[in-house]
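# Descriptive structure summary
Okay, here's what each chain looks like letter by letter:
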Amino acid sequence: MSAPRRNPVLAPNRATIPPARRSRVATEMSAWAAAGVFALQTCGECEAVQYPPRDVCRNCLSPRLRWRPADGAGALLATTRLHYPYELYFRERAPWRTGIVRLAAGVSVTAFLHPDLGEAPAPAFVTARLDRAGQAALIALPDETANFEVTPMREFTASPKGRKILVTDAASPAGIAMVKAMCAAGAATVWAGRAEPWGVVPGYEEAIAHPAVTVLPLDVTDGDSVTSLAGRIGGRTDIVVNTATYHRPGRALGAMGVESARAEMETTYFGLLRLARAFGPALAARAAEGPNHAVAFVNLFSITALVASPAKATHSAAEAAAYAFAQGMRADMRASGLRVVNVFPGPVDEGWNQLDLPPKIAPDALARATVKALETGVEDVFPDPVARQWYARWRDDPAAFARELAEAGA
Amino acid sequence: MRRLGYEGVVVAAPVSVPYARFSTRTAHAFLGELLRTILARTGLAKARIDGLCVASFSLAPDSAVALTEHFGISARWVDHLPFGGASAILALHRAARAVQAGDAEIVACIAGDTNDPDAFRRSTAAFSRFGQDAAYPYGASGTNATVALLTDHYMRTYGVEAEDLGRICVAQRANAGPYPNALLRSAMTMEDYLASRPVAEPLRLFDCVMPCAGAEGFIVTTRETAEREGLPYANLLAVMERHNAYPDDPIQMRGGWAEGRDDLYAQAGMTPAAIDFAELYDDYPVVVAMQLEDLGFCDKGEAKAFLRAHDLTTAGSFPVNTCGGQLSAGQAGAAGGFLGIVEAVRQLTDTAEGAAVPKADIGLVTGFGMINYDRGLTAGAAILAR
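Per-chain numbering applies: the sequence of each chain, read as written, is numbered from 1 onward. To label them, take the chains in the order written and letter them from A, then take the ligands in the order written and number them from 1. Side-chain atom pairs in this predicted model are given and counted only at pLDDT of 80 or more, local residue features only at pLDDT of at least 70, and totals for whole chains, interfaces and linings cover all residues. In computing side-chain values, all of the structure's heavy atoms are included and hydrogens and water are not.

## Considerations on the overall build of chain A
Put simply, the test is: By the criteria applied, helices consist of DSSP H or I runs no shorter than four residues and strands consist of E runs no shorter than two, each listed in order from the N terminus. Each radius of gyration is computed over the set of C-alpha atoms, and the globule rule expresses the reference value as 2.2 Å times the number of residues to the power 0.38. Exposed residues in this analysis have more than 50% of their type's maximum accessible area, buried residues have under 20%, and partly exposed residues fall in between, with area computed by a 1.4 Å probe over protein chains only. Any two residues whose heavy atoms approach within 4.5 Å at even a single point are treated as in contact. What sets the accessible areas is the Shrake-Rupley method with a 1.4 Å probe; for residues, cover comes only from the shown protein chains. Only four residue types enter the tally: Lys and Arg on the positive side, Asp and Glu on the negative side; His and the chain ends are excluded. Just so you know, the charge point we use is NZ for Lys, CZ for Arg, CG for Asp and CD for Glu.
For chain A, the count of helices and strands is 10 helices and 15 strands. Over its C-alpha atoms chain A spans a radius of gyration of 22 Å, differing by no more than 12% from the 22 Å that the globule rule assigns to 410 residues. The principal-axis extents of the C-alpha atoms in chain A amount to approximately 65 × 60 × 30 Å. A total of 410 residues make up chain A; the buried ones form 55% of that total. Expressed as a percentage of contacts within chain A between residues at least 6 apart in sequence, the contacts between residues at least 24 apart total 66%. For chain A, the exposed surface amounts to about 17500 Å²; the carbon and sulfur share of it is 55%. Charged side chains in chain A number 43 positive and 40 negative. The centres of these two groups are separated by 5 Å.

Set out below in structure tokens:
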């Protein structure tokens, strides 16, 4: 099922976004929501839960407020339906239903209402999702399993369903898994990029046999290849999933040559840069075009993008470069409401990580986690136990964690 | 400790600068016209104004002190009040104490705002930090969304019907009919009210004030000065203000009036039964209904019955917002909260510009403001008498 084509006589629908301005501490709440967590501040001294976000405890004035995952259970106290919001983003999608939910934690929150949640009074479950400005939005649901593939809840997702998706390197284990997962999630089209037509990669033929899949030539290390493909499908692409990466295990003072390290950079960092510049503007231009508008650019990184692994020093450097660039992408794509989804797995269970100790995440699990991130609108994805542990320690104290890894030599 | 009363403090020179839906003039221009009119009507020389109290949303980057230079006033007491709809009561409160203490003799309390077509969106987007972080990103446009939620909860809790709140709007429109400065003066029936389009359910168009440009002001001085200058005045009997009352209420069902009213009536030496007319802050009818309860005219949840039993028009059994209030006159930004005091003093000095209340000896005036996140934080009230 594909959406009807835009009438070329009509003006294109430009993307608008909800109000993005937040205080610094409220932005912290968004950072948690970006990782899929509804967090509220809790006082480190008196345990009082706080909302809206603040700088000192409303009860004891302590500055020691800590973000903690919040219990979303609460009671819906009141509802309204807004017919004439001022902001263009809301006006274009009016009416909006909002309500006040009293959380069991003792704070009242204003939230968007899921269409299956009726009038007050009613039990409700509050969750935090990113809105199209990339900021945390609280949403009251009838229960935790509520369907987001409905209006207006889909605004808070980047769902692959019905969308046209480019998987940049479909011939890697992760790429194959990604093609299959996107098809299974209901993608209208999956363009499977392949750099080299020769050779047979196990599982590849099966993945591209799906009727939604079309194989297209794409070599991210070749600028002409990238711009040529962007000219062909850039104006139709809704999601780019960049699986193109190149890595060889090598320590900082190891035997690996500079050429290998350069090849890592060429694919992982410069490849991303080429893709972003070739596809980004077209994605942004189509970010409000119909129900299956352009919505996301997915980067398949590694947790070593955040903190370097001494055992993979050159790989970490390329990942860090690409991640740094992705932060710039996120800032530039925000104005059109596009999400930059960064996936940070621990070691993936594939050939170049043979010597990594388990647990390693299977490519299929990695792809499923990516689909789930798109479906739930998460921007920072930590799909496996190693990734989650590294992320937790990095959040807690990045400087200490870097020293810890250096001392462990891992 | 018993609070000091306001013996000898009076309010005079009530002035409304005509409203306009939109204006190309600045807040400074409206405030300047207001002050000029106050001086012209009182015959006071500008140099006699030694205290200045200002409220405005659209004066940025200026504040009250900048106006002393702009207007050429050498004040010895100045205050700038960013309290929205409660600014007038707070201005009266502060000016009264200044006059009483001799810190100033004649304080001009002035409020004014301009309005352009996008001004309201801009001012609400960054009204407060909590609002910016936790209300505005949810489609709130001004206070409509927040008050819609309070209204929904209030109506549901007390079984209030749309017609009950409509009585307030319909009566105030009738009061606005003879008041030339009201922007909305054409007759409105209950059918008209009920048929008005939904804005933020359950709020209808006629539940919401119309933002506009304009100015309102008065002077606070001593009875001796007022009499010496031949100024008609109203006596100030009592004032209360309360901020962030009942913070543990899950949703607002009452304002700080409920906490401060005993003190207010005690200071005035009277009960609610003595009030002849009330200028109740009316950004939305539910706020009027809550005040009827919180200020002791009926019990909590009984405003519905009170409204069914009373006629709120100027000639009625309980006159409320006797020149139409903000719901019919328009809400001229920070001046909206000043309309109540201005109108009350006009009624008490027999200078009503619309219909006069037949027996207007004691008037109650209120203010309400600062929807910082999910409720109005500041409630104020004053009792004025001949």
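## Focus: the sheet that holds strand S12 (residues 239–242) of chain A
All names here are of chain A. For clarity, the threshold we go by: Here the rule is simple: two strands pair whenever DSSP picks up at least two bridges between them.
If you trace the seven strands from one edge of the open sheet to the other, you get S11-S10-S9-S12-S13-S14-S15, paired in parallel fashion. What marks the edges here is a single partner per strand, and that holds for strand S11 (213–217) and strand S15 (380–381). Relative to S12, strand S9 (residues 164–167) runs parallel, the two being bridged by three bridges. By the bridge assignment, Ile165 is partnered in S12 with Ile239.

## Some thoughts on the interface of chain A and chain B
Filter applied, for reference: In this description, buried area is defined as the sum, over both parts, of the accessible area (probe of 1.4 Å) that is lost when the two are combined. What counts as a salt bridge is simple: a side-chain nitrogen of Lys or Arg found within 4 Å of a carboxyl oxygen of Asp or Glu. In protein, a polar contact requires one atom able to donate a hydrogen and another able to accept it; more generally it is a pair of N or O atoms within 3.5 Å, and residues adjacent in sequence count only if both atoms are side-chain atoms. Put simply, Ala, Val, Leu, Ile, Met, Phe, Trp, Tyr, Cys and Pro go in the nonpolar bin, Asp, Glu, Lys and Arg in the charged bin, and everything else, Gly too, in the polar bin.
Counting from both sides, the interface comprises 38 residues of chain A and, opposite them, 34 residues of chain B. Together chain A and chain B conceal approximately 3200 Å² of surface at their shared face, both sides included; 56% is due to carbon and sulfur atoms. Linking A:Arg81 and B:Glu201 is a salt bridge whose minimum nitrogen-to-oxygen distance equals 3.4 Å. The interface formed by chain A and chain B holds 15 residue pairs in polar contact (both at pLDDT 80 or more) in total. When contributions to the side of chain A that touches chain B are tallied by element, the ones reaching two or more residues are helix H1 (24–34), strand S4 (73–82), strand S5 (96–103), strand S6 (108–113) and strand S8 (136–141) of chain A. Here the element with the most residues in the side of chain A that touches chain B is S4(A); it accounts for six residues. Across the side of chain A that touches chain B, the residue classes break down as 22 nonpolar, eight polar and eight charged.

## Details of the sheet that holds strand S3 (residues 77–80) of chain B
Whenever strands of a sheet pair, they do so through backbone hydrogen bonds, lying parallel or antiparallel. All names here are of chain B. How we decide: Simply put, an axis is a line fit to the C-alpha atoms, just over the touching stretch for a helix, and the angle between two N-to-C directions goes from 0 to 180 degrees.
Across the sheet, nine strands lie side by side as S3-S2-S4-S7-S1-S8-S11-S10-S9; this open sheet has mixed pairing. Of all strands in the sheet, those with a lone pairing partner are S3 and strand S9 (277–279), marking the two edges. On average, adjacent strands in this sheet sit at an angle of 25° to one another, irrespective of strand direction. As paired elements, strand S2 (residues 51–55) and strand S4 (residues 107–113) share five bridges and run parallel to each other.

## Section: the packing of aromatic side chains
Applied cut-off: A pair of Phe, Tyr and Trp rings is counted when the ring centres sit within 6.5 Å of each other, with Trp represented by its six-membered ring. The angle between the planes then sorts it: under 30 degrees is stacked, over 60 is edge-to-face, the rest tilted. Only lysine NZ and arginine CZ atoms are considered, and such an atom sits over a ring when it is within 6 Å of the ring centre and within 35 degrees of the ring normal.
Enumeration over the complete set of coordinates arrives at 23 aromatic pairs over all chains. Ring geometry for A:Phe344 versus A:Phe382: centroids 5.2 Å apart, planes at 10°, classification stacked. With a gap of 38 residues between them, A:Phe344 in the loop between strand S14 (339–343) and helix H8 (363–376) and A:Phe382 in the loop between S15 and helix H9 (385–396) connect regions that are remote in the sequence. Each of the two residues, A:Phe344 as well as A:Phe382, counts as buried. Put simply, the rings of A:Tyr89, A:Phe90, A:Trp96, A:Phe112, A:Phe156 and B:Tyr138 touch in pairs and so form one group of aromatic residues. A cation over a ring is seen here: A:Arg129 above A:Phe148, with NZ or CZ 3.8 Å from the ring centre. Residue placement shows B:Arg173 over the ring face of B:Phe206; its charged tip is 5.4 Å from the ring centre.

## Considerations on the nonpolar core
Residue and element names in this part refer to chain B. Inclusion rule: In these notes, a set of buried Ala, Val, Leu, Ile, Met, Phe, Trp, Tyr and Cys residues joined through side-chain atoms within 4.5 Å is what counts as a nonpolar core.
Counting residues in each nonpolar core, the largest one holds 57 residues, and the members touching the most others are Leu295, Phe297, Leu364 and Ile383. Looking at this core element by element, the count peaks at six residues for helix H11 (residues 285–294). Sequence-distant contacts of Leu295, that is, excluding residues within four places in its chain, are made with Trp257, Arg261, Leu264, Tyr265, Pro272, Leu280, Leu364, Thr366 and Ala381. Residues Ala86, Leu92, Val107 and Phe338 belong to the second largest nonpolar core, which totals 49 residues.

## Focus on the side chain of B:Thr313
Residue and element names in this part refer to chain B. Take Thr313: it is sitting in the loop between helix H12 (303–309) and helix H13 (325–329). Since its relative accessible area comes to 19%, Thr313 is described here as buried. Here the side chain of Thr313 touches Asp311 through a polar contact of 2.8 Å, side chain to side chain.

## Here we look at the domain arrangement of chain B
Residue and element names in this part refer to chain B. How we decide: Domain borders in the structure are assigned automatically or taken from a domain database.
According to the domain assignment, chain B contains domain 1 (9–117 + 213–233) and domain 2 (119–208 + 236–378). One C-alpha centre belongs to domain 1, the other to domain 2, and the line joining them spans 23 Å. Domain 1 puts 46 residues into the contact, and the matching count from domain 2 is 36 residues. Carbon and sulfur atoms supply 69% of the area buried between domain 1 and domain 2, which totals about 3000 Å² over both sides. At the surface where domain 1 touches domain 2, the tally comes to two salt bridges. The salt bridge partner of Glu353 is Arg41, with a shortest N-O separation of 3.9 Å. Applying the counting criterion to the domain 1 and domain 2 interface returns eight residue pairs in polar contact (both at pLDDT 80 or more). Its residues assigned to classes, the side of domain 1 that touches domain 2 shows 29 nonpolar, 10 polar and seven charged.

## Remarks on the pattern of salt bridges
Going through the model one piece at a time under the given rule, you end up with 42 salt bridges over all chains. Residue A:Arg274 is joined to A:Glu266 by a salt bridge in which the shortest nitrogen-to-oxygen separation is 2.4 Å. We classify A:Arg274 as partly exposed; its relative accessible area is 21%. Among the salt bridges present, the one from B:Arg242 reaches B:Glu259, with a minimum N-O distance of 3.0 Å. Within this pair, whereas B:Arg242 is found in strand S8 (residues 233–243), its partner B:Glu259 is found in helix H10 (residues 257–268), the two being separated by 17 residues in sequence. For B:Arg242, a relative accessible area of 30% puts it in the partly exposed group. Salt bridges here are not isolated pairs; linked through shared partners, they connect B:Asp276, B:Asp350, B:Lys359, B:Asp361 and B:Arg386.

## Topic: unusual backbone geometry
A:Pro359 follows A:Pro358 through a cis peptide bond whose omega is 5°. Along the chain, B:Glu201 connects to B:Pro202 via a cis peptide bond; the corresponding omega equals 5°. The topology assignment puts B:Pro202 in the loop between strand S5 (198–201) and strand S6 (203–204). Positive phi outside glycine occurs at B:Asn244, with the angle close to 55°. Residue B:Asn244 is classed as partly exposed on the basis of its relative accessible area, which comes to 42%. Of note in the backbone geometry, B:Tyr246 takes a positive phi value of approximately 50° without being a glycine. Inspection of the secondary structure assignment puts B:Tyr246 in the loop between S8 and H10.

## A word on the packing of helix H7 (residues 162–176) of chain B against H11(B)
When two helices pack together, their arrangement is captured by the angle between the axes and the distance separating the axes. Residues and elements named next belong to chain B. What counts is decided by this rule: Every angle not falling under 35 degrees, over 145, or within 65 to 115 is termed oblique; those three ranges are roughly parallel, roughly antiparallel and roughly perpendicular.
The geometry of H7 relative to H11 is characterised by a closest axis approach of 9 Å and an angle of 105° between their N-to-C directions. On the basis of their axis angle, the class for H7 and H11 is roughly perpendicular. Residues Leu165, Ile168, Cys169 and Gln172 of H7 form the contact with H11, whose participating residues are Pro285, Val286, Val288 and Ala289. Looking at the contact of H7 with H11 residue by residue, the class counts come to seven nonpolar, one polar and no charged.

## Focus on the pairing of strand S7 (residues 213–222) of chain B
All names here are of chain B. With 10 of 10 residues buried, S7 is to be regarded as a mostly interior element. Sheet analysis places strand S1 (residues 9–20) next to S7, joined by eight bridges and oriented antiparallel. Following the sheet pairing, Val17 is matched in S7 by Ala215. In terms of strand pairing, S4 meets S7 through seven bridges, oriented antiparallel. In the sheet register, Ala111 faces S7, and the bridge partner there is Glu216.

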